Amino acid sequence: MDFTNKNVVITGGSTGIGFATAKAFINAGASVWITSRSADNLQKAATKINSPKLKTVVSDTSSLEGIAVLEKAVAESGNKVDVLFLNAGIATFAPIEQTSEADFDAQFNTNVKGYFFTLQKLIPHLANGASVLFTSSTVATASQMYGSVYSATKGAVNKIAQVAANELADRKIRVNIVSPGPTQTEGFDKAVPDDDVKKQFATTTALQRMGNPDEIANTVLFLTSDKASFITGTELLVDGGYIGYTLK
Ligand SMILES: NC(=O)c1ccc[n+]([C@@H]2O[C@H](COP(=O)([O-])OP(=O)(O)OC[C@H]3O[C@@H](n4cnc5c(N)ncnc54)[C@H](OP(=O)(O)O)[C@@H]3O)[C@@H](O)[C@H]2O)c1
């Protein structure tokens, strides 16, 4: 897939799926913006990718002030955005009785409010015919124990994306959803630090392994490319074949 002369914005591109996707877009010829909350993490990512086509911006997606920083950077570049990949997300897992208000708010502010208002603020900067992709999760539809709040954020994301696909269709902007299953990333390691539990996650897929971020990136490039020109409002699961959770 060729993204030469295309401008791509990826929220949450310092590690994991966003980082792998940034690398893949750069290799396909695009100019790429990545965001994160941390200048240090962005610097590390930029050093690894090592391309003049990569630009970084510190922008906390959970606040409107942070999103405004990204919008300003895009506006000042003078370029329209061809691909917007809304990906910055966090997860904490706990039984409902033990979930704190702080964890609830942090996940909804990042995973839902962040996606919604980044889309809203960048709509005027999208090229006609652009592509918007939301990172959701298999748990938007599967009912994984201890993931009530995280799953609810992803369910909300799916609905926002589906409505956006209808609202933006008159500008030929396609909006889709990629839903990874368990994928080996820095974020996954943080959310699931226990090695035994990690092994159990691998058994929830038909392929009996976790995914790697490059496998998600391949799907992101397909869905946002012209090869997917008749696909909009769709969720594509990249989960190795979900067969159910047996976590205790
Ligand atoms: N890994 C999985 O198994 C899995 C499965 C399904 C869905 N997902 C989804 O995939 C997406 C990426 O997750 P990942 O596994 O790649 O995790 P990750 O390695 O932790 O990457 C998350 C990225 O988001 C950034 N981020 C987090 N909060 C942010 C905020 N408030 N503002 C700006 N950037 C922020 C992080 O950067 P900083 O920490 O530097 O700010 C990082 O670049 C998330 O939406 C996640 O829910 C992951």
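This one's a predicted model, so the numbers in the text were calculated from it and none came from an experiment. (Residues numbered from 1 in each chain as written. Predicted model: local features only at pLDDT ≥ 70, side-chain atom pairs only at ≥ 80, totals over all residues. Heavy atoms only, no water.)

Draft legend 1. Region of interest: the site of the ligand. The environment of the ligand is formed by 33 residues, the closest being Ser14, Arg37, Tyr150, Thr183 and Thr185. Measuring from a nitrogen atom of the ligand, one finds a side-chain N or O atom of Asp60 at 2.9 Å. Residue Tyr150 places a side-chain N or O atom 2.6 Å away from an oxygen atom belonging to the ligand. Contact with the protein chains hides 93% of the accessible area of the ligand, taken as 880 Å² for the molecule alone. Put simply, the ligand lies in the largest pocket. Element by element, the count of residues in the shell around the ligand is highest for helix H6 (residues 186-191), at 3 residues. Within the shell around the ligand, the residues separate by chemical class into 8 nonpolar, 21 polar and 4 charged. (Near = heavy atom within 4 Å. Polar contact = N/O pair within 3.5 Å; in protein donor to acceptor, adjacent residues only side chain to side chain. Areas by Shrake-Rupley, 256 points an atom, 1.4 Å probe, with all protein chains shown as cover. 1 Å grid on protein atoms, 1.4 Å probe; cavity = no way out; pocket = protein on both sides within 12 Å on 5 of 7 lines; lining within 4 Å. Sits in = over half its atoms within 2 Å of the grid points. Helix = DSSP H or I, 4+ residues; strand = E, 2+ residues; numbered from the N terminus. Nonpolar A, V, L, I, M, F, W, Y, C, P; charged D, E, K, R; others polar.)

Draft legend 2. Fine view of the environment of Asp82. Assignment of secondary structure puts Asp82 in strand E4 (residues 81-86). Take Asp82: its relative accessible area is 17%, and that puts it in the buried class. Taking the C-alpha atoms as reference points, Asp82 and Gln184, separated by 102 residues in sequence, lie 28 Å from one another. Each residue touching Asp82, except ones within four places of it in the same chain, is listed here: Asn5, Lys6, Asn7, Ala127, Ala130 and Ser131. (Buried < 20%, exposed > 50% of the residue type's maximum accessible area, 1.4 Å probe, protein only. Contact = heavy atoms within 4.5 Å.)

Draft legend 3. Quick look at the sheet that holds strand E3 (residues 54-58). Read across the sheet, 7 strands follow the order E3-E2-E1-E4-E5-E6-E7 without closing on themselves; strand pairing throughout is parallel. The sheet is open, and its two edges are formed by E3 and strand E7 (235-238), each paired on a single side. Averaged over all pairs of adjacent strands, the angle between strand axes in this sheet comes to 20°, irrespective of strand direction. Direction of pairing for E4 relative to strand E5 (residues 126-135): parallel, over a ladder of 5 bridges. Looking at E5, one finds that Leu86 is bridged to Phe134. Its contacts with the sheet put helix H2 (residues 39-49) on strand E2 (31-36) and E3, and the angle it makes with E3 is roughly 175°. (Pairing = 2+ DSSP bridges. Axes fitted to C-alpha atoms, helices over the stretch in contact; angles between N-to-C directions.)

Draft legend 4. Highlighting the pattern of salt bridges. For the coordinates displayed, the defined rule picks out 4 salt bridges. Between Lys198 and Asp189 there is a salt bridge; the shortest N-O distance is 3.0 Å. In this structure Lys198 comes out as buried when scored by relative accessible area, which is 14%. Here Asp195 and Lys198 are joined by a salt bridge, their closest N and O atoms 3.6 Å apart. Highlighted residues: Asp195 and Lys198, both in helix H7 (residues 195-202), separated by 3 residues, approximately one helical turn. The structure contains a network of salt bridges with shared partners spanning Asp189, Asp195 and Lys198. (Salt bridge = Lys/Arg side-chain N within 4 Å of Asp/Glu carboxyl O.)

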